[in-house]
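A look at the structure
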Amino acid sequence: MRAPISYLPNCEASTILFCRLLQVPVTDRTLKHSLEVHPDYPSLLAISDVLNDYSINNISVKVNAGQIPQLPVPLIAQIKAPEGEQFAVIETATADAVEFMHPVKHKREKVAIDDFSKVFTGVVMLAETSESSGEQGYSQLRQREKIASLLQWLAVSAVPAITFLACILTFIQVGTAAIFPIIYTVLALIGTVVSALLIYHDVDRTNPFLQQICTGGKKTNCDAVIHSNASGIFGISWSVIGMTYFAGGLITLLCHSVYHLPVLTILSWFSIAAFPYVAFSLYYQGVVVKQWCVLCLAVQAVLATQFITVILGRLYTPVSFGMADVISVLAAFLVSFLILQLLLPAMKGAKANRGNSIRLQRLKNNAQIFEALLGKQKQITETTAGLGITLGNPDAPYKITKVCSPYCGPCAQAHPELERLLHNNPDLQLQIIFTASGHEKDPNNLPVAQLLAIAENNNETATRQALDDWYLPAMKNFETFAAAHPVNGAVNTQGEKIAAMHEWCKKMEISFTPTLFVNGYQLPEMYSVADLKYFLSV
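Residues numbered from 1 in each chain as written. Predicted model: local features only at pLDDT ≥ 70, side-chain atom pairs only at ≥ 80, totals over all residues. Heavy atoms only, no water.

- An unreviewed UniProt entry lists the protein chain under the name Vitamin K epoxide reductase, from Chitinophaga silvisoli.

As structure tokens, this is what we get:
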């Protein structure tokens, strides 16, 4: 069971659904993050680059709506919507109709081709998968994603589960006499949930799930109400007051008992006192602001229903209670309020920090900024002709020079990223220069000589496989590697090549591995190999 994607922005939701339909082994979190940090997010180019990064071949073409049934599905179509151009994943298409995931309504719709043509921009993206499509370590990453989703689900469902369990036990113990207290408790839970959504709306106004709720009609606008002049009192928002009221009441009932009459009496009088706020809120939304907040209306509905429950159940009937009962109710309200005062700034800060981090990452991934920084770095001043191993397109406009050691951990980590870049970019050349010294006791000599001897056969496929077989295993054993890639004594003739590479490294003052150069300039320190996909993609 995969997590719902309706709460995600259109670009992420469409890409994730597209990959699910293509049955590509890549996690939702990976796709979401890759899209968010892309410098051209949200765009078809961003989607294309991310798909390419996971070896999903894709192409964007211009067609008319009548040609869609002739194209392989699923496909991503660009359509016009009130919110602007959006992406829609078409799952099936016939000569008469197309079925797609509506980007705004977040549900599947089947419409006639003629009707679809009215919103279709003419741009579609087609994709094809292969055995290499997907992300490395998918099984482990998917397992972590499942655990994270489970923990999130448990955290969200814990309070409702405890509340319903308490209500069931109360009904078993007390019987029908507990009906109205149980209803009151459930309403407190509903009010807590709705108030939490209101508070989260204040933290993340652009959340797609909340946008669906809050912008459902012409006169529906939660923002206009929540951030109006009367959105709070004494500097405290009504959302916080509402959450304090509902959560405090729920905590009190769960800590004592759903059928604890003294506490119920105190809470009932709070409900009676809160009832006039319903009339005020409805008047303010309908007459002053002339916009309706769906979440606010839900809160008013809960308050009104609680009031009715109190009256019908006569929960307000005076019952003897002590100062301890009053203090416990007030303490629950105070604890709820203080927790909110601590959590709300932290949540807003975390949201802002994450947003800033993503924006900085996009800025960092901007090609113009990268080129400006690259031009200020150390430049290759000694020719690299004939050195090491050269892979890829010999006439490529992009050239990466990797200076590495065969036993270097970071070099091994960089290898699969470079291999992925090479696989996805036909206009890229990769040159690998090793730091082996050629000295008799240097353990780097043998694996470097073996790799150079393999490359001498001019079989790039075999050379790349040999590099994979050396760098990818966690434990490196030269004897096993040499047996798997025999070179019939050619390993003993690589001395001059090793010496030439060593001399080049000395002249270039290579002090660490891997050292990477892009088109002759050293990769800036703030960039990693993985970042190069944004600048070298085609």
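Additional details are given in the paragraphs that follow.
**Structural notes on the overall build of the protein chain**
- A count of helical and extended segments in the protein chain gives 20 helices and 13 strands.
- Scaling as 2.2 N^0.38, a compact globule of 538 residues should have a C-alpha radius of gyration of about 24 Å, whereas the protein chain reaches 32 Å, well beyond that.
- Once the C-alpha set of the protein chain is aligned to its principal axes, its extents read approximately 100 × 60 × 45 Å.
- Across the 538 residues in the protein chain, those meeting the buried criterion constitute 46%.
- Side chains of the protein chain give 37 positive and 40 negative charges; the mean places of these two sets differ by 9 Å. (Helix = DSSP H or I, 4+ residues; strand = E, 2+ residues; numbered from the N terminus. Rg over C-alpha atoms; globule rule 2.2 N^0.38 Å. Buried < 20%, exposed > 50% of the residue type's maximum accessible area, 1.4 Å probe, protein only. Lys, Arg positive; Asp, Glu negative; His and termini not counted. Charge placed at Lys NZ, Arg CZ, Asp CG, Glu CD.)

**Focus: the UniProt feature "transmembrane region" (unreviewed entry) in the protein chain**
- UniProt records the feature "transmembrane region" (unreviewed entry) for residues 150–172, 178–200, 233–253, 259–280, 292–316 and 322–344 in the present numbering.
- For residues 150–172, helix accounts for 100% and strand for 0%, while the C-alpha atoms at its two ends are 30 Å apart.
- Secondary structure across residues 178–200 comprises 96% helix and 0% strand; the distance between its end C-alpha atoms is 33 Å. (UniProt positions renumbered as here; feature names shortened; annotations may be inferred.)

**A few points about the sheet that holds strand β13 (residues 521–522)**
- If you walk across this open sheet you meet the 5 strands as β9-β11-β10-β12-β13, and the pairing is mixed. Pairing within the sheet leaves two strands with one partner each, and these edge strands are β9 (389–392) and β13.
- As judged from the 2 bridges shared by strand β12 (residues 515–518) and β13, these two strands associate in the antiparallel manner. By the bridge assignment for β13, Phe-517 is matched with Gln-522.
- Strand contacts of helix α15 (residues 409–424): β9, β10 (398–404), β11 (428–434) and β12, with the helix running at about 160 degrees to β10, the strand carrying the most contacts. (Pairing = 2+ DSSP bridges. Contact = heavy atoms within 4.5 Å. Axes fitted to C-alpha atoms, helices over the stretch in contact; angles between N-to-C directions.)

**Some words on the packing of aromatic side chains**
- Taken as a whole and judged by the stated rule, the model has 17 aromatic pairs.
- Ring geometry for Trp-269 versus Tyr-316: centroids 6.4 Å apart, planes at 80 degrees, classification edge-to-face. With a gap of 47 residues between them, Trp-269 in helix α10 (residues 261–274) and Tyr-316 in the loop between α12 (294–312) and α13 (323–364) connect regions that are remote in the sequence.
- Taking relative accessible area as the criterion, Trp-269 reaches 46% and is therefore assigned partly exposed.
- When the centroid spacing of 5.8 Å and the interplanar angle of 80 degrees are considered together, the rings of Tyr-527 and Phe-535 count as edge-to-face.
- Since its relative accessible area comes to 6%, Tyr-527 is described here as buried.
- Exposure remark for Phe-535: the relative accessible area of 10% places this residue in the buried category.
- In this structure an aromatic cluster arises from ring pairing among Trp-238, Tyr-277, Phe-280 and Tyr-284.
- Against the face of Tyr-527 rests Lys-364, its NZ or CZ located 5.4 Å from the ring centre.
- Across the ring face of Tyr-471, the terminal group of Lys-402 is positioned such that the distance to the ring centre comes to 4.7 Å. (Phe/Tyr/Trp six-rings, centres within 6.5 Å; stacked < 30°, edge-to-face > 60°. Lys NZ or Arg CZ within 6 Å of the ring centre and 35° of its normal.)

**A word on the nonpolar core**
- The biggest cluster of nonpolar side chains holds 56 residues, and the ones touching the most others in it are Ile-400, Phe-434, Trp-504 and Leu-532.
- The element that contributes the greatest number of residues to this core is helix α16 (residues 445–455), accounting for 7 residues.
- Leaving out residues up to four positions away in the same chain, Phe-434 has contacts with Ile-389, Cys-404, Pro-406, Val-448, Leu-451, Tyr-471, Met-501 and Cys-505. (Core = buried A, V, L, I, M, F, W, Y, C linked by side-chain atoms within 4.5 Å.)

**Topic: the domain arrangement of the protein chain**
- Split into domains, the protein chain comes out as domain 1 (10–129), domain 2 (139–353) and domain 3 (379–536).
- The centre of domain 1, based on its C-alpha atoms, is set 39 Å off from the matching centre of domain 3.
- With 7 residues of domain 1 at the contact, the number on the domain 3 side is 5 residues.
- Summing both sides of the interface, domain 1 and domain 3 together bury roughly 520 Å²; the carbon and sulfur share of this comes to 47%.
- Residues Lys-533 and Asp-53 are paired through a salt bridge, measuring 3.0 Å at the closest nitrogen-oxygen approach.
- Put simply, domain 1 and domain 3 have 2 residue pairs in polar contact (both at pLDDT 80 or more) between them.
- For the side of domain 1 that touches domain 3, a count of residues per class yields 2 nonpolar, 4 polar and 1 charged. (Domains from an automatic or database assignment. Buried area = accessible area lost by both parts, 1.4 Å probe. Salt bridge = Lys/Arg side-chain N within 4 Å of Asp/Glu carboxyl O. Polar contact = N/O pair within 3.5 Å; in protein donor to acceptor, adjacent residues only side chain to side chain. Nonpolar A, V, L, I, M, F, W, Y, C, P; charged D, E, K, R; others polar.)

**Quick look at the environment of Val-186**
- Note on placement: Val-186 falls in helix α6 (residues 179–203).
- Given a relative accessible area of 22%, Val-186 falls into the partly exposed group.
- C-alpha separation for the pair Val-186 and Pro-160, spaced 26 residues apart in sequence, amounts to 8.8 Å.
- Apart from residues lying up to four places away in sequence, Val-186 is in contact with Phe-164 and Cys-167.

**What about the pattern of salt bridges?**
- Taken as a whole and judged by the stated rule, the model has 13 salt bridges.
- Arg-142 is the salt-bridge partner of Glu-145, the closest N and O atoms lying 2.6 Å from each other. Of the two residues, Glu-145 and Arg-142 both sit in helix α5 (residues 138–174), 3 residues apart, roughly one turn of that helix. The burial state of Glu-145 is the same as that of Arg-142; both residues are buried.
- Taking the shortest distance from any N to any O, the salt bridge between Arg-464 and Glu-419 comes out at 2.6 Å.

**A look at unusual backbone geometry**
- In the segment running from Tyr-41 into Pro-42, the intervening peptide bond is cis, with an omega of -10 degrees.
- The omega torsion across Thr-513 and Pro-514 is -5 degrees, close enough to zero to call that bond cis.
- Within the secondary structure, Pro-514 sits in the loop between α19 (495–507) and β12.
- Non-glycine residue Gln-23 carries a positive phi angle of around 60 degrees.
- Note that Gln-23 resides in the loop between α1 (10–22) and α2 (28–36).
- Overall, the relative accessible area of 70% leaves Gln-23 in the exposed class.
- Here the phi dihedral of Ser-55 falls at roughly 60 degrees; this positive angle occurs in a residue that is not glycine.
- Locating Ser-55 in the fold gives a position in the loop between α3 (44–53) and β1 (57–62).

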